[in-house]
Amino acid sequence: MSSPEADGRPTPLDAPAPAWLRDVDAMAANLPAVLYQFAVAADGAMAMTFVSGAIVELLGIRPEDAHADWVAAMTSTVHPDDASAVLASIPPAVSARREWSAEFRARPRGTEVRWFRATGRPRAGDDGTLVYDGIIVDVTREQREAAARAESEARLRCLAANMPGVMYQWRQEPDGRRWCSFVSDGARTLLGVEPEAVYLDPGVLHETVHDDDRLPLVEAIDAAFAERRGFVVEFRTMVRGTMRWLRVLATVREEGEGTTVLDAVIVDVSAERAVARRLAESERRLQAAVDGARDGIWDLDLVADRAWASAQAWHLVGHMPHSLAVSPASWRDRVHPDDAPRWRAALAAARRDPHGDLHFEGRLRDALGRWRWLELRGRVLRDADGTALRASGTVTDIGARKAAEAALTEARAQAEAASGAKSRFLAQMSHELRTPLNSIIGFARVLVLRLGATLGERDRTFLERIHSNGEQLLGLIDEILDVTKVEAGRVAVERRRVDLGTIARDVAAQLEGRVVGGEVVLAADAPEAPVWWETDAARLRQVLINLVGNAIKFTERGAVCVEVRAGAGDEGPSIAVHDTGIGIPADR
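## What to know about the sheet that holds strand S7 (residues 178-183)
In step 1: With antiparallel pairing, the five strands of this open sheet are ordered in space as S7-S6-S10-S9-S8. Looking along the sheet, the strands with just one partner apiece sit at the ends: S7 and strand S8 (231-239). Across this sheet, the average inter-strand angle for adjacent strands is 30°, counted without regard to direction.
In step 2: As paired strands, S8 and strand S9 (residues 242-255) are joined by nine bridges and run antiparallel to one another. Bridging across to S9, Arg-236 finds its partner in Trp-245.

Laid out in structure tokens, this is it:
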């Protein structure tokens, strides 16, 4: 290595150096950079005249190699893609006698690739040569930070370009001047303005804002810069004939030397506004329906133990809206003591049954202390595990229904009492009639036995009819007693084996008096042999009397016949009443 002596003449590398020069060399070697000097002769030849010892640590080049052939030394360590560019940048700078600078990559002694920056400043040498004094520094960290910033900025720009909105940044300088430092491409589609135009004049962002919304937006921006606070403002724009609702969200921060920065994003909230509008309309319709309904609506939070009730629900329980604490406890205390256990049971069942709903009928005390009958019906909302979270439903005033049920119960009781009185009256009257009737039957029987032989056939028959009809009337009285037994639930059917033919003939004989002297013949058509059947003889006789009596009533002339058939094979016996009267229409 060589360096100039005090007289300007060069000293051989192996000559002893002056003390002051040794100090300079030590200082240069200790710096975290390479100090160098190269001279350019009049014929353009360049030679390295000085290089500090730091070149060994930073670039892995020995100083003597740099002096011997600095081009070869640099080429051996500089990245191949950068070496030619660095060497090519020196001659133009030398020709123009201007400062020279270059950045390049190098891999010193096989380590990782690092970035370096070399700079040199020209001056005239004592011997008429052009001398460049320079420095080489490691800028790897600076390059990496710049690359990271570039990558981050690229990501941010990509995000800004692809997000469904507009990102922008305004700056206000200490003198009050405002300018746009960034605006994303979304301004073109969302606001209908070109980003380049915003950079020139940030005010163009407001040109498409609705007239009624422009001033509030500008005032919000001015207040944000003045008071250093963010804001959220919604406004309308008209872009290409389409009106949109937009929302701007802005934050404000300070950035060195009095500069205020406003970072903001603008998003399209038209769909959100439309949903909110439809929701508000739906809520208005629901509220109108709730207000106009006879039923109230309630909601019970089973977890937080909170309750809500509509105005109609408050009205149904006889209170002004919100005149009581909105808590389940305040309502539980107003349940009638007799109904409270059923309310607790209904609530417990709704909590316990994973598929159960809430239903309760009971009385609640109103503001005047009166009891009101109410019915609560609700659905229970549960989580994935089936735990009851809340119940919602309706409350209905069932006072009128309960009053009707009470009136019906009272009417039923009165009817049952009247029916009992009627039954008792009929039973007593029947007993009162049986006494004289039994006398008539008895005396008729006595007359038949005592005078039967002296009477003519016709008179004997009439006397026997008195006896027979008395027996029939006694049977009717017994039927009245049976009716009272039916109403009392004490009717008994007496089944026994009887001859159907005998019953048919008795019925015909009993009603013969109704056709005497008329144009109707009443007869019984039954086999001579008994036709046995197990039944209640008294009730069968009464049925036949009713049927034959109706047949005689609606037959002006002809015949009425009670017919009995024994049946054959598996068919049982049958009994029928025939007549030649008007009959019964087929549709009746």
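Read on, since the account is not over.
## As for the pairing of strand S11 (residues 296-301)
In step 1: Taken across its six residues, S11 has five buried, putting it largely inside the fold.
In step 2: When S11 meets strand S15 (residues 388-397), the two strands line up antiparallel, connected through six bridges. Considered in S15, the bridge of Leu-300 is made with Ala-391.
In step 3: Summarising the sheet, S11 and strand S12 (residues 306-309) pair through four bridges and their orientation is antiparallel. By the bridge assignment for S12, Asp-301 is matched with Arg-306.

## Focus on the sheet that holds strand S5 (residues 130-138)
In step 1: With respect to topology, five strands assemble into an open sheet ordered S2-S1-S5-S4-S3, the strand pairing being antiparallel. The sheet terminates laterally at strand S2 (46-51) and strand S3 (100-106), the two strands that pair on one side only. For this sheet, the mean inter-axis angle between neighbouring strands, taken without regard to orientation, is 25°.
In step 2: Sheet topology places strand S1 (residues 34-40) next to S2; five bridges connect them, and they run antiparallel. Its bridge partner lying in S2, Tyr-36 is registered against Val-51.
In step 3: Where helix H5 (residues 80-95) meets the sheet, its contacts fall on S1, S2, S3 and S5, and the angle it forms with S3 comes to roughly 170°.

Conventions adopted
Within each chain, residue numbers correspond to sequence positions counted from 1 in written order. Reporting of local features is limited, given that this is a predicted model, to residues whose pLDDT is at least 70; pairs of side-chain atoms are given and counted only at 80 or more, and all residues count toward the totals for whole chains, interfaces and linings. Computation of side-chain values: all heavy atoms of the structure, hydrogens and water removed. DSSP-based pairing: two strands are paired if at least 2 bridges between them are found. Strands are runs of DSSP state E lasting at least two residues, helices are runs of H or I lasting at least four, and both sets are numbered from the N terminus onward. Helix axes use the C-alpha atoms of the stretch in contact, all axes being lines fitted to C-alpha atoms, and the angles between their N-to-C directions lie in the range 0 to 180 degrees. Three labels apply to residues, based on accessible area from a 1.4 Å probe with only protein chains included: buried if under 20% of the type maximum, exposed if over 50%, partly exposed otherwise in between. The contact criterion used throughout is that any non-hydrogen atoms of two residues lie within 4.5 Å.

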